[in-house]
Amino acid sequence: MSTSRLPPVTPTMPRRTNPSNNGVVKTNHPKRKLHHPPQPNAPAPSTAALPIHKQPALLIERRLLTALSLTLEQALADPNLTVKIQQIKALLYAKRFLEVFEREQWLDVYAARWVPSRVLAFREIFAEVELLERRREIADILGRDGADAGGMDGPQRVVCLGGGAGSEFIALAGIVAQRMEVSDEQDTPQESSTDPLEVHLVDIGPYAPLMDRFAESTIPRLVTASDAITGTFHQTDILSPSAEPLLRSLLHRDSSAPPPIVTLLFTLTELFIQSRPATVAFLQKMTILAPRGTLFLIVDAANEEASAVSVGKEGRSWSLATVMDGVLCAMPTQTTAAAAEDTPAPGTRSRAAWKKLEAEDSKWFRLREGLQEHYPIKLENARYWLRLYRRN
């Protein structure tokens, strides 16, 4: 496992540093790829055919695209960029993922082509489900249930599983930037606007150098406060038993901080394809490790081919969203110390482990009018399903 601590962002940080100075340790790469690829069987529509919002682009969306354009300007200026994108697409469509993601020289090309669209979609999703605005709600629930709410004023930890390409990190920075803008305009502190955000990005690919660039160049163009959002990249295979110590440390709740937030965005389908038993085992282990009040956001493609799962002897197909409701909401809660050792304690099976807070079976993210003008490569819409759960 390789872990790279990204420094707190400041506007004066250099554009690029040697990753070795940030504690990046090179290791042998596991066999499984975690971060999501684009759907291999879905032909990309032309830019002219993309439906768009009639509403104009938001200021923060334009700022996000500008910051990404500047960070990735070297890749965008590559005269062979189109050829390289087509080579990557061919490998992705053939599901030869490791041939793309184990080659560091292609990661900038991948980021230039696919990260901006993901950033725009993720920022909108985070805002719509109020992912960072539920601290008081969780404290009230924990207190009402007789649990110790503990400290809720410390840094908010967000664990992004499959987030190595940086889309979640940059989208979260966009949310933080928006909150600070509102606070400045009103000349009064907005609730939670000053709470530091501690983002942990977990992936199997060698994304540390790319993440360093985003931390040094992209984030400071969005957020000027040096401690408002920090990021740490962890290179590991979450489906491997060897990942448990890392997961345990990331999901552990400090006494002065709120419960963590976990995201799994456009990654779950790939995990199920790789190994359904290992994926279910991972979800069970995460449930045991997650403290009460943990939020778990899952988003994935809402096309039938990608999200259909055969269940039972008859092989009846169910949507992956429905399967997740069954797996997580039917799983008994285990909140005792005995549960941490996989030994259910008496009296701990009275209710489901997770409560479903938000659900969308099919929803579109659509580009707002004028956004394409701010980025030189085609941006894409996304049709997705969504679940937001809270640990009971």
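Just above, that's the structure.
The text that follows walks through the structure, step by step, so that each part is easy to find. (Residues numbered from 1 in each chain as written. Predicted model: local features only at pLDDT ≥ 70, side-chain atom pairs only at ≥ 80, totals over all residues. Heavy atoms only, no water.)

## Considering empty space enclosed by the protein
Then, number 1: Counted according to the given criterion, the structure contains 2 cavities of 30 Å³ or more.
Then, number 2: Volume-wise, the largest cavity comes out at about 140 Å³.
Then, number 3: Leu132, Glu133, Arg135, Gln156 and Ile261 are the residues nearest the centre of the largest cavity, which is lined by 17 residues in total.
Then, number 4: Broken down by class, the residue content of the lining of the largest cavity amounts to 10 nonpolar, 2 polar and 5 charged. (1 Å grid on protein atoms, 1.4 Å probe; cavity = no way out; pocket = protein on both sides within 12 Å on 5 of 7 lines; lining within 4 Å. Points joined across faces, edges and corners; volume = space filled by probe spheres on them. Nonpolar A, V, L, I, M, F, W, Y, C, P; charged D, E, K, R; others polar.)

## Considering the packing of helix H1 (residues 59-71) against helix H8 (residues 208-218)
Then, number 1: Put simply, H1 and H8 touch, their axes get as near as 10 Å, and they point 120° apart. With respect to H8, the axis of H1 lies oblique. Every pair of crossing elements has a handedness; the one defined by H1 and H8 is right-handed. Taken together, the residues of H8 that come into contact with H1 (itself represented by Ala67, Leu68 and Thr71) are Arg213, Phe214, Ser217 and Thr218.
Then, number 2: In the contact of H1 with H8, the residues fall into 3 nonpolar, 3 polar and 1 charged. (Axes fitted to C-alpha atoms, helices over the stretch in contact; angles between N-to-C directions. Helix = DSSP H or I, 4+ residues; strand = E, 2+ residues; numbered from the N terminus. Parallel < 35°, antiparallel > 145°, perpendicular 65-115°, else oblique. Left-handed = near helix turned anticlockwise from the far one by under 90°. Contact = heavy atoms within 4.5 Å.)

## Comments concerning the environment of Asn392
Then, number 1: If you trace the backbone, Asn392 turns up in the segment after strand S12 (382-391).
Then, number 2: Remark: the alpha-carbon pair of Asn392 and Ala290, spanning 102 residues in sequence, is separated by 9.7 Å.
Then, number 3: One polar contact links the side chain of Asn392 to the main-chain carbonyl oxygen of Ala352, over a distance of 2.8 Å. (Polar contact = N/O pair within 3.5 Å; in protein donor to acceptor, adjacent residues only side chain to side chain.)

## Some thoughts on the pairing of strand S4 (residues 197-203)
Within a regular strand, the side chains alternate between the two sheet faces.
Then, number 1: Most of S4 is tucked away: 6 of the 7 residues are buried.
Then, number 2: In this structure, strand S3 (residues 156-161) lies alongside S4, joined through 6 bridges in parallel fashion. Counterpart to Gln156 in the pairing with S4 is Leu197.
Then, number 3: Bridge analysis of S4 against strand S5 (residues 229-235) gives 7 bridges, and the strand direction is parallel. Counted as the bridge partner of His200 is Thr232 from S5. (Buried < 20%, exposed > 50% of the residue type's maximum accessible area, 1.4 Å probe, protein only. Pairing = 2+ DSSP bridges.)

## Examining the nonpolar core
Then, number 1: Counting 81 residues, the largest nonpolar core has Phe126, Ile170, Leu172, Val223, Ile229 and Leu297 as the members making the most contacts within it.
Then, number 2: Sort the elements by how many residues they give to this core and helix H5 (residues 107-128) lands first, with 13 residues.
Then, number 3: Aside from chain neighbours lying at most four places away, what touches Leu297 is Ile125, Phe126, Leu131, Val262, Thr263, Leu264, Leu265, Leu386, Arg387 and Leu388.
Then, number 4: Core analysis: the second largest hydrophobic core is formed by 33 residues, Leu250, Phe282, Ala321 and Met331 among them. (Core = buried A, V, L, I, M, F, W, Y, C linked by side-chain atoms within 4.5 Å.)

## Describing the pairing of S12
Then, number 1: The element S12 is largely enclosed, with a buried count of 9 among its 10 residues.
Then, number 2: Sheet topology places strand S7 (residues 295-301) next to S12; 7 bridges connect them, and they run antiparallel. For Phe296, the partnering residue across the bridge sits in S12 and is Tyr389.
Then, number 3: Pairing geometry for strand S10 (residues 354-365) and S12, over 9 bridges, is antiparallel. Among the inter-strand pairings, Phe365 is bridged to a residue of S12, identified as Ala382.

## Describing the packing of aromatic side chains
Then, number 1: With the rule as written, the count across this model stands at 5 aromatic pairs.
Then, number 2: Taking 5.6 Å as the distance between ring centres and 50° as the angle between the ring planes, the aromatic pair formed by Phe296 and Trp354 counts as tilted. Linking Phe296 in strand S7 with Trp354 in strand S10, this pair joins segments that are 58 residues apart in sequence. There is no split in this pair, since Phe296 and Trp354 are both buried.
Then, number 3: Taken together, the ring pairs in this structure connect Phe122, Phe126 and Phe266 into an aromatic cluster. (Phe/Tyr/Trp six-rings, centres within 6.5 Å; stacked < 30°, edge-to-face > 60°.)

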